[in-house]
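Observations on the three-dimensional arrangement
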Amino acid sequence: MASPVRILTAVPICDGHDSAINTINLEFIRHGIEVVYLGYHRSVSDIVRAAIQEDVRAIGISSYNGGHIEFFAEVIALLRKRGANDIKVFGGGGGTITHDDAVTMKQKGVDNIFFAGTSLAEMTDYVRKHYGKARGNRSRPKSANQKLAHKLTAIEDGKRTRNPKSEIRNPRKARVIGFTGPGGAGKTTLIDELVLRFLNQNPKGKIAILSHDPSVVGEGALLGDRATMINSQNDRVFMRSMATRGQAGGLSPATQDCLALLAGSDFDYVIIETVGTGQEAMPFQKNGIVDQTVLVMNPDYGSRLQLQKIVMLDLADIVVVNKSDLQRARTAHTEIEQRLEQNRRNQRLIDTVAKRHRDPGVDRLFALISDGVK
Ligand code: B12
Ligand SMILES: Nc1nc2c(ncn2[C@@H]2O[C@H](COP(=O)(O)OP(=O)(O)OP(=O)(O)O)[C@@H](O)[C@H]2O)c(=O)[nH]1
Ligand SMILES: [Mg+2]
């Protein structure tokens, strides 16, 4: 089966009109397209960096606050400068983009502009028809990031598997940290805060993030973790979003090979985020490539009885009670502490408020990760 079309969508800087793109994203996903959503108020460089790392076929921009002729043109110019001419640009902005503007924008390299009144079906048909064809031979990557992105695509599309011999020649360089936990517990927010601390502490350090969101075989997916990332929009951070493409358990069929490639590349850390998981999930293989595992819990898990059922509480090296600003957090800490004592493994338990900057709990978690505590 052909792999789903992957595109990236975003709203330009100084523009908070995200309602249109949210509707359009859902329609794309319903029609089998994987959408990496970068969010609103995004700069040209953030958009182009993300598109190259995610190796998408096209960028869809939704612009309402004016300046669209220049903004779209700058995106195209930067893509060309970075050697990513194969990533196409299209978009819309209701009545704020006139027909005359659209003519100018197309002259500057935009593929298409959709005006007010266009049906959602017309847009999805366009994307599938224009960006859904198999890729031909790819031009030589112009940067290490682009080369890595192309390789990850080949792995994900089943065209390239990990070569154990080359892995031996190219031994592991990065430490791999696995983050898992229920949907919405704050995994991405926490990772973004840890990335900030890493970047500040290591002026030349580089980090990769492999992030997962759920999807059914042959269907679309909203790959939305990038929209939560603020600090990770940085040239020293390589982030890739993956849909699970029908695999249960929190990761994708291509994760292990993609992870091996990233771990053998030039990063200090590779962080892997699973989809929001359930009680039974144990996404990281024992003796696998993940060096340290972090379970991020929401204080709202139910009662003590639910804790007995969460398998990762037995396996994680570090357990985090995030959202410790919420009322139930103290009780959650006590209940989880008692649950972990049963394991007699000296697992660490940390309370964090990931959405608060300079949170001392996140500092402690960063120290445990830096020290490689198990
Ligand atoms: C909803 C809305 C808001 C909401 C936004 C909610 C949100 N989270 O998005 C709120 C009330 C918050 C808002 C605020 C503001 N707004 Co306002 N807003 C609108 C409004 C009414 C509708 C836009 C919309 O979502 N349309 C729904 C979409 C689905 O339909 P569509 O626009 O016709 O788009 C079609 C195609 O273009 C296509 N499309 C659109 N994007 C994309 C992207 C891709 C990839 C593709 C394929 C297709 C596509 O999809 C549609 C298909 O039919 C427009 C007026 C209007 N009628 O257009 C003003 C409008 C865009 N806003 C305007 C302004 C000025 C503002 C404010 C500055 C107002 C103020 N003074 O505070 C603020 C700025 C907010 C910010 N931070 O940026 C102006 C912009 C003027 C300009 N650029 O010249 C407009 C045009 C109103 C006006 N006539 O003055 N706004
Ligand atoms: N109150 C509170 N909210 C938080 C905290 N950390 C994150 N959030 C919010 O929780 C929501 C989910 O955060 P994410 O970081 O996207 O959670 P996630 O675990 O990555 O979610 P999935 O990837 O969808 O499973 C967002 O609205 C965050 O702002 C926190 O410490 N306290
Ligand atoms: Mg997340």
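The structure this text deals with has already been given above.
The text that follows walks through the structure, step by step, so that each part is easy to find. (Residues numbered from 1 in each chain as written. Chains lettered and ligands numbered in written order. Predicted model: local features only at pLDDT ≥ 70, side-chain atom pairs only at ≥ 80, totals over all residues. Heavy atoms only, no water.)

**Concerning the packing of aromatic side chains**
Any pair of aromatic rings gets described here by the distance separating the centres and the angle formed by the planes. The final tally for this structure, using the stated rule, is 6 aromatic pairs. On the basis of an interplanar angle of 40 degrees and a centroid distance of 5.4 Å, the ring pair of Phe90 and Tyr131 is categorised as tilted. With Phe90 in strand E4 (residues 88-92) and Tyr131 in helix H5 (residues 120-131), this pair connects stretches of sequence that are 41 residues apart. Residue Phe90 is classed as buried on the basis of its relative accessible area of 5%. Taken together, a centroid distance of 5.5 Å and an interplanar angle of 90 degrees make the contact between Phe198 and Tyr269 edge-to-face. Of this pair, Phe198 sits in helix H8 (residues 187-201) while Tyr269 sits in strand E10 (residues 269-273), and the two are 71 residues apart along the sequence. Exposure class is identical for Phe198 and Tyr269. Each is buried. (Phe/Tyr/Trp six-rings, centres within 6.5 Å; stacked < 30°, edge-to-face > 60°. Helix = DSSP H or I, 4+ residues; strand = E, 2+ residues; numbered from the N terminus. Buried < 20%, exposed > 50% of the residue type's maximum accessible area, 1.4 Å probe, protein only.)

**Quick word on the site of ligand 1**
Of all residues adjacent to ligand 1, which total 26 residues, the nearest are Gly16, His17, Asp18, Tyr64 and Phe114. At 2.8 Å, a backbone N or O of Ser19 approaches an oxygen atom of ligand 1. At 2.8 Å from an oxygen atom of ligand 1 is found a side-chain nitrogen or oxygen belonging to Asn65. Secondary-structure elements contributing two or more residues to the shell around ligand 1 are helix H1 (19-30), strand E3 (58-62) and E4. If you tally residues by element for the shell around ligand 1, the top one is H1, at 4 residues. (Near = heavy atom within 4 Å. Polar contact = N/O pair within 3.5 Å; in protein donor to acceptor, adjacent residues only side chain to side chain.)

**Notes on the coordination of the cobalt atom of ligand 1**
When only protein atoms are considered, the cobalt atom of ligand 1 has one donor, His17 (NE2), at a distance of 2.2 Å. Position of His17 relative to the elements: it lies in the loop between strand E1 (6-10) and H1. (Donors = N, O, S within 2.8 Å, 3.2 Å for Na, K, Ca; no water.)

**What to know about helix H4 (residues 99-107)**
Within H4, the full set of buried residues consists of Asp101, Ala102 and Met105. Along the axis of H4, the buried positions cluster into a sector of 100 degrees, meaning they face one direction only. Exposed residues on H4 whose side chains face more than 90 degrees from its buried face are His99, Asp100 and Gln107. Here the buried face of H4 lies against helix H3 (68-81) and strand E5 (112-114). (Arc of directions from axis to C-beta. Contact = heavy atoms within 4.5 Å.)

**A few points about the coordination of the magnesium ion (ligand 3)**
Ligation of the magnesium ion (ligand 3) by protein atoms is provided by Thr188 (OG1), Asp225 (OD) and Glu273 (OE), these donors lying 2.0 to 2.3 Å from the ion. Each donor residue of the magnesium ion (ligand 3) lies on one chain, and together they are spaced T-x36-D-x47-E. On the criterion of sequence distance, the pair formed by Asp225 in helix H9 (residues 225-228) and Glu273 in strand E10 is long-range, its members being 48 residues apart. In terms of burial, Asp225 and Glu273 fall into one category: buried.

**Some thoughts on the site of ligand 2**
In the vicinity of ligand 2 lie 19 residues, with Gly186, Lys187, Thr188, Thr189 and Asp325 positioned nearest. In the model, an oxygen atom of ligand 2 is placed 3.2 Å from a nitrogen or oxygen of the Ala185 main chain. Taking Glu273, its side chain carries an N or O atom lying 3.1 Å from an oxygen atom of ligand 2. In isolation ligand 2 has 660 Å² of accessible area, and contact with the protein removes 73% of it. Among the elements of the structure, H8 and H9 are those that each provide at least two residues to the shell around ligand 2. Broken down by element, the residue count for the shell around ligand 2 peaks at 3 residues, all from H8. Across the shell around ligand 2, the residue classes break down as 5 nonpolar, 8 polar and 6 charged. (Areas by Shrake-Rupley, 256 points an atom, 1.4 Å probe, with all protein chains shown as cover. Nonpolar A, V, L, I, M, F, W, Y, C, P; charged D, E, K, R; others polar.)

**Considering the environment of Met239**
Inspection of the secondary structure puts Met239 in strand E9 (residues 237-243). A relative accessible area of 2% places Met239 in the buried class. A sequence separation of 20 residues divides Met239 from Glu219, and the C-alpha atoms of the two residues are 22 Å apart. Ignoring anything within four residues of it in the chain, the contact list for Met239 reads Gln53, Glu54, Ile209, Ser211, Asp225, Arg226 and Met229.

**Topic: the pattern of salt bridges**
Going through the model one piece at a time under the given rule, you end up with 21 salt bridges. Asp363 is the salt-bridge partner of Arg197, the closest N and O atoms lying 2.6 Å from each other. Residue Arg197 is located in helix H8, and its partner Asp363 is located in helix H14 (residues 360-370); the two are separated by 166 residues in the primary sequence. What makes Asp363 partly exposed here is its relative accessible area of 36%. Here the salt bridges do not stand alone but share partners, grouping Arg6, Glu34, Glu54, Glu156, Asp157, Arg226 and Arg245 into one network. (Salt bridge = Lys/Arg side-chain N within 4 Å of Asp/Glu carboxyl O.)

Note that every value here comes from positions in space, so none of it alone points to a role or purpose.
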